[in-house]
Amino acid sequence: MHDFYRVAACVPDIKVGDVRYNTKKIIKKINEAYEYNAGVIALPELTVTGYSCQDLFFQEALIREAMKGIDEILESTLGRTEAVIVGAPVLIKGKLYNGAFVMMNGSLLGISIKTFIPNHNEFYEKRWFNSALNLDTNTVSIGEIGLSTENADYDVPVGNNIIYDINSKLRFGVEICEDLWAPVSPSTSLSLGGAELIVNISASNETVSKRDYRKNLVKQQSASNICEYLYVSAGATESTQDLIFSGHSIFAENGVIVNENIEFIASDYIMIADMDLGKIRHDRLTNTTFADASSLMKERLNDITTISVTDIRIPESDGEYLLIPKTPFIPSSKKKREERCNNIFDMQVGGLVKRLKLTGSKPVVGVSGGMDSTLTLLVCAKALRAINADPKDLYAITMPAFGTSDRTYNNSINLIKALGAEPIVIDIKDSCIQHLKDIGHDINIKDVTYENTQARERTQVLMDYANKHNGLVVGTGDLSELALGWCTYNGDQMSMYGVNGSIPKTLVRWMIESVVENDIFPEANDILRDILDTPISPELLPPDENGNISQKTEEKVGPYELHDFFIYYSIRYGYSPEKILYLANKAFKDDYSEEEIKKWLVFYFKRLFSQQFKRSCMPDGVKVGSVSLSPRGDFRMPSDASGLLWIDEIN
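Residues numbered from 1 in each chain as written. Predicted model: local features only at pLDDT ≥ 70, side-chain atom pairs only at ≥ 80, totals over all residues. Heavy atoms only, no water.

S.K.: Sorry if this is basic, but what is going on with the overall build of the chain here?
M.R.: Across its full length, the chain carries 22 helices and 20 strands. Along the first, second and third principal axes, the C-alpha atoms of the chain reach 100 × 50 × 45 Å. The buried share of the chain, reckoned over its 651 residues, is 56%. Restricting to contacts in the chain with at least 6 residues of sequence separation, those with at least 24 account for 73%. Of the roughly 27,200 Å² of accessible surface on the chain, a fraction of 48% belongs to carbon and sulfur atoms. Between the centroid of the 67 positive side chains of the chain and the centroid of its 88 negative side chains there is a distance of 3 Å. (Helix = DSSP H or I, 4+ residues; strand = E, 2+ residues; numbered from the N terminus. Buried < 20%, exposed > 50% of the residue type's maximum accessible area, 1.4 Å probe, protein only. Contact = heavy atoms within 4.5 Å. Areas by Shrake-Rupley, 256 points an atom, 1.4 Å probe, with all protein chains shown as cover. Lys, Arg positive; Asp, Glu negative; His and termini not counted. Charge placed at Lys NZ, Arg CZ, Asp CG, Glu CD.)

S.K.: Could you clarify how one ought to interpret the sheet that holds strand E19 (residues 471-475) in this entry?
M.R.: The pairing of strands in a sheet comes from backbone hydrogen bonds and takes either a parallel or an antiparallel form. Ordered by their spatial adjacency, five strands build an open sheet running E18-E17-E16-E19-E20, and the pairing between neighbours is parallel. For this open sheet the edge positions go to strand E18 (423-425) and strand E20 (497-498), each flanked by a neighbour on one side alone. Here E19 pairs with E20 via two bridges, running parallel. Residue pairing across strands places Val474 opposite Tyr497, the latter belonging to E20. Its contacts with the sheet put helix H9 (residues 334-359) on strand E16 (362-366), E19 and E20, and the angle it makes with E19 is roughly 155°. Where helix H11 (residues 406-418) meets the sheet, its contacts fall on strand E17 (395-398) and E18, and the angle it forms with E18 comes to roughly 145°. (Pairing = 2+ DSSP bridges. Axes fitted to C-alpha atoms, helices over the stretch in contact; angles between N-to-C directions.)

S.K.: How should I be thinking about the pattern of salt bridges in this particular structure?
M.R.: What the rule picks out here adds up to 33 salt bridges. The partner of Arg127 in a salt bridge is Asp55, with the nearest N and O atoms 2.8 Å apart. Taken together, the residues Arg127 in the loop between strand E5 (107-113) and strand E6 (139-141) and Asp55 in the loop between strand E2 (40-42) and helix H2 (60-76) connect sequence positions 72 residues apart. The salt bridge involving Glu260 is made with Lys215; its shortest N-O contact spans 2.7 Å. (Salt bridge = Lys/Arg side-chain N within 4 Å of Asp/Glu carboxyl O.)

S.K.: Teacher, can you tell me more about empty space enclosed by the protein here?
M.R.: In this approach, a probe sized like a water molecule rolls over the atoms, and the result shows the empty space that is left. On inspection of all chains with the given rule, the structure shows three cavities of 30 Å³ or more. The calculated volume of the largest cavity comes to roughly 220 Å³. Every residue lining the largest cavity is counted, 23 residues in all, and those nearest its centre are Gly477, Leu482, Gly501, Met618 and Pro619. Split into classes, the residues belonging to the lining of the largest cavity amount to seven nonpolar, eleven polar and five charged. Put simply, the second largest cavity is a space of about 40 Å³. For the second largest cavity, the full set of lining residues is Val11, Pro12, Ile14, Pro44, Glu45, Thr47, Ala234, Gly235, Thr237 and Glu238. When grouped by side-chain class, the residues that make up the lining of the second largest cavity number five nonpolar, three polar and two charged. (1 Å grid on protein atoms, 1.4 Å probe; cavity = no way out; pocket = protein on both sides within 12 Å on 5 of 7 lines; lining within 4 Å. Points joined across faces, edges and corners; volume = space filled by probe spheres on them. Nonpolar A, V, L, I, M, F, W, Y, C, P; charged D, E, K, R; others polar.)

S.K.: Sorry if this is basic, but what is going on with unusual backbone geometry here?
M.R.: Negative phi is the rule for most residues except glycine; trans is the rule for most peptide bonds. In this structure, Leu46 is a non-glycine residue whose phi angle is positive, near 55°. Position of Leu46 relative to the elements: it lies in the loop between E2 and H2. We note that Asn490 has phi near 60°; this positive angle belongs to a residue other than glycine. Secondary-structure assignment places Asn490 in the loop between helix H14 (479-484) and E20. Given a relative accessible area of 44%, Asn490 falls into the partly exposed group.

S.K.: Mind showing me how you'd approach a positive patch on the surface here?
M.R.: Together, Lys219, Lys335, Lys336 and Arg340 make up a region of like positive charge exposed at the surface. At three residues, the largest contribution of residues to the positive patch is made by H9. Tracing the backbone through its elements, the reader meets Lys335 in helix H9. Residue class for Lys335 comes out exposed when judged on its relative accessible area of 68%. (Patch = residues over 30% accessible without salt bridge, like charges linked within 9 Å, V, L, I, M, F, W, Y side chains within 5 Å.)

S.K.: What is the right way to read the layout of surface pockets from this model?
M.R.: Taken as a whole, the largest pocket holds about 1,500 Å³ of empty space. Of all the elements in the fold, those that place two or more residues in the lining of the largest pocket are helix H5 (210-224), strand E13 (256-260), strand E14 (269-276), H9 and helix H18 (560-572). For the lining of the largest pocket, the element with the highest residue contribution is H9, accounting for six residues. Looking at the lining of the largest pocket residue by residue, the class counts come to 20 nonpolar, ten polar and twelve charged.

S.K.: What is the right way to read the state of the cysteines from this model?
M.R.: Disulfides are covalent bonds that link the sulfur atoms of two cysteine residues. Summed over the entire model, instances satisfying the criterion amount to zero disulfides. The thiol of Cys227 is unpaired, and the distance to the nearest cysteine sulfur, on Cys177, comes to 17 Å. (Disulfide = S-S within 2.5 Å.)

S.K.: Just checking my understanding: could you explain the sheet that holds strand E7 (residues 155-159) for this structure?
M.R.: What the eight strands build is an open sheet, ordered E6-E7-E5-E4-E3-E2-E1-E14; its pairing is mixed. Every interior strand has two partners, whereas the edge strands, E6 and E14, have only one. Averaged over all pairs of adjacent strands, the angle between their axes in this sheet comes to 30°, without regard to strand direction. Where E2 and strand E3 (residues 83-92) come together, three bridges link them in parallel fashion. Bridge pairing links Ile41 to Val84 in E3.

S.K.: Is there a simple way to think about helix H19 (residues 577-587) in this case?
M.R.: Think of an α-helix as 3.6 residues a turn; residues three or four steps apart then line up on the same face. Buried residues dominate H19, accounting for eight of its eleven residues. Here H19 has its buried residues at Pro577, Lys579, Ile580, Leu581, Leu583, Ala584, Asn585 and Ala587. For H19, the elements touching its buried residues are strand E1 (4-11), E14, helix H6 (277-286), H18, helix H20 (594-610) and helix H22 (644-650).

S.K.: It is not clear to me how the packing of aromatic side chains should be interpreted in this structure. Could you clarify?
M.R.: The full count for this structure, using the stated rule, is 22 aromatic pairs. Taking 5.2 Å as the distance between ring centres and 25° as the angle between the ring planes, the aromatic pair formed by Tyr164 and Phe172 counts as stacked. Classification of Tyr164 as buried rests on a relative accessible area of 0%. Exposure remark for Phe172: the relative accessible area of 0% places this residue in the buried category. Where Phe565 meets Tyr569, the ring centres are 4.9 Å apart and the plane angle is 55°; that geometry is what we call tilted. A residue pair is termed a helical-turn pair when its members lie 3 or 4 positions apart in one helix, as Phe565 and Tyr569 do in helix H18 at four residues. For the pair formed by Phe565 and Tyr569, the shared burial category is buried. (Phe/Tyr/Trp six-rings, centres within 6.5 Å; stacked < 30°, edge-to-face > 60°.)

S.K.: Sorry, what's going on with helix H13 (residues 448-468) here?
M.R.: With 21 residues, H13 extends 30 Å from end C-alpha to end C-alpha; this agrees with the ideal 30 Å at 1.5 Å per step. Measuring from the side-chain oxygen of the N-cap residue of H13 to the backbone nitrogen of Thr449 gives 3.2 Å; that N-cap residue is Asp447. Asn470 occupies a position one or two residues after H13 and carries a positive phi of about 55°. (Expected span 1.5 Å × (residues − 1). Polar contact = N/O pair within 3.5 Å; in protein donor to acceptor, adjacent residues only side chain to side chain.)

Quick look at the structure:
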């Protein structure tokens, strides 16, 4: 469903050399994985015998019994549509290889062979095993390697270049342990050849700090190959004669660790994860470097063997184990969130510093008392500090009008003072009244003309003030407003440089919170906290009878947490409206009804298409995250494109 598939890393208890015991434990773990509806089930390297058999691998009895174990495991998969990968030694044409047996529904699809055989430090694998590079055949009959031919004898591919294509739904490749640690691993060519999932069956012993190193390897490999990467390693019941094995299992998705077992020294467990192949397919589609690398490796890719399984439908997942954060732009942990906010703030400041130095100008900001203008003001103040300029070089202008409340007005004034600048107050009510009179608009009709008159008047004041004082108007609009077009064309949509353009509304709040937590402007902390508690509003309609804000943006456009969720999955990954709706219903099931989510998703796509003309001429501003709507950055769309297809899919 929606390109979701479940993987299982199974680490059974084993007894070194006891194939019969191990086979029973392997089958038990596979059956347990079935209960989780896993479509791909992987067990560690050489699980059938145990990795740490050493010279027992030279014993004919062990190799023969290993094939009996594989026969039994194969038989146990009869009638099942899951892909199972099990490690065992295999004798091919008189040479011993370290193999990954890939099976479905009682049939052996292929045997992926380990390429890089470590023979350094604590490893002596070349004493027992040959490399896939030494294979002089690319197929072998099951009878030839000692498997049962009671029902049939058939050929299967062997090597390090096999892609398993299951019903054109899932394409995966297998590599073994040290292959991951090599400068050029088999998974690179397998990924470039079309494998979207790489399974690594491993037996990696544990030493101090090795766990983090291994984790980073998996993370980086999944990123550089733009793939899903499942790593499963032998557990603590391997021999502890000289080494200890930790059973470290990891699942990564394009550079992000999705799941790993927590216990440091572990065995007898199953790790489950859901993968979203839509992410991989989108990023491979848009990443031209990935395509160029495929061309560079063309000769190697010609050797790829693809095994197509067309008569079995691999189980799809409902995404129960997917990580679907409500706020995908914001890290869940406080430490990572603070780090991200600090980095983004530095990028905003760095971009503005460059522009101020280039133009020799001073920043001019319209300050409303809301979060967006507050963040812009903080960036400007920090930029002046970075170039050792006087804080009073910041032209901070507050422009009260018909909807300005005492709370936002006072916060604006007090914040400007706390940052060391001089507040500039320019009341625009009279000029707006005159303008409405000039165009023949009744001031009592509080429509879009009434509202936009104020926004455009503010922009005119800022632009002209900048001209008069050698200033640079720094824009306040954020990513969420740009996506929805919730800005006045040639009003707050326009500036000379924008610093918030790729920061979503849900992140703006945490950006300001980060400034407070880091005491960047300690004198302003109390004011900033009150601004964070103020309802989001453009303040273009008069306050209520008690002087409170009457116009609350989210009542009009919908919750920004929903819209930021829609932005992330529609722009970052190009997901269909149907898939976004499915994910949103899972993520926000306790917050909004399906009807509410659907309503705001329709609203989002309507606005995304109809308001593109505002983004086509948006001002310069640095991209700081994975999503940008700048026509010079990530997002190019005709201003007159039709969104009917997207709306119809939702409805």
